[in-house]
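Observations on chain architecture
Residues per chain, in single letters:
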Amino acid sequence: VLSGAPAAPWKLLSIHIRCSPKTGESDHQLAMNRKQMFDLHRIGERSMVVEEAVCRKANEELKEQKEKDESILKKGEGGDDMAMTDDKKQKPLSSSTIVPRPLHRLFEVTH
């Protein structure tokens, strides 16, 4: 991570590939050229960025939903025209945030 901020995105600096041929086989097909290494790095970095963006969007939607639910509860408690049933008052609000896992996503892509 290049920044200490809580919402700092992950940055893939390098990726190393280790592979070995089966016994008695040549490894000429396993050796990667620079373009293949660059493409793999770019795909891995892109997957990490997408994972963070998806989680950030989901967390924003959760936050908006939580604010909407709180405003509905406040309107119901204030004695407005909206009548709240017991089921709606006892409904728990989902306050858990989704944690992005860019390294897990990177492993899935490169595997």
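Residues numbered from 1 in each chain as written. Predicted model: local features only at pLDDT ≥ 70, side-chain atom pairs only at ≥ 80, totals over all residues. Heavy atoms only, no water.

Description of the overall build of the protein
Along the backbone of the protein there are three helices and zero strands. Looking at the 111 residues of the protein, the share that counts as buried comes to 15%. Residue pairs at least 24 apart in sequence account for 69% of intrachain contacts in the protein once pairs closer than 6 positions are excluded. When the accessible surface of the protein is split by element, carbon and sulfur atoms take 53% of a total near 9,600 Å². (Helix = DSSP H or I, 4+ residues; strand = E, 2+ residues; numbered from the N terminus. Buried < 20%, exposed > 50% of the residue type's maximum accessible area, 1.4 Å probe, protein only. Contact = heavy atoms within 4.5 Å. Areas by Shrake-Rupley, 256 points an atom, 1.4 Å probe, with all protein chains shown as cover.)

Quick look at the environment of Trp10
In this structure, Trp10 sits in the segment before helix 1 (34-77). Sequence separation of Trp10 and Leu103 is 93 residues, and the distance between their C-alpha atoms is 8.8 Å.

Topic: the side chain of Glu52
Along the polypeptide, Glu52 turns up in helix 1. Buried Glu52, no salt bridge; nearest opposite-charge side chain is Arg56, N-O distance 5.2 Å. Residues in contact with Glu52, not counting those within four places in the same chain, are Pro9, Trp10, Pro100 and Pro102. (Lys, Arg positive; Asp, Glu negative; His and termini not counted. Salt bridge = Lys/Arg side-chain N within 4 Å of Asp/Glu carboxyl O.)

A look at the pattern of salt bridges
The tally for this structure, following the rule as stated, stands at three salt bridges. With a closest N to O distance of 2.9 Å, Lys35 and Asp39 form a salt bridge. Here Asp39 and Lys35 lie together in helix 1, a separation of four residues that amounts to about one turn. Here the salt bridges do not stand alone but share partners, grouping Lys35, Asp39 and Arg42 into one network.

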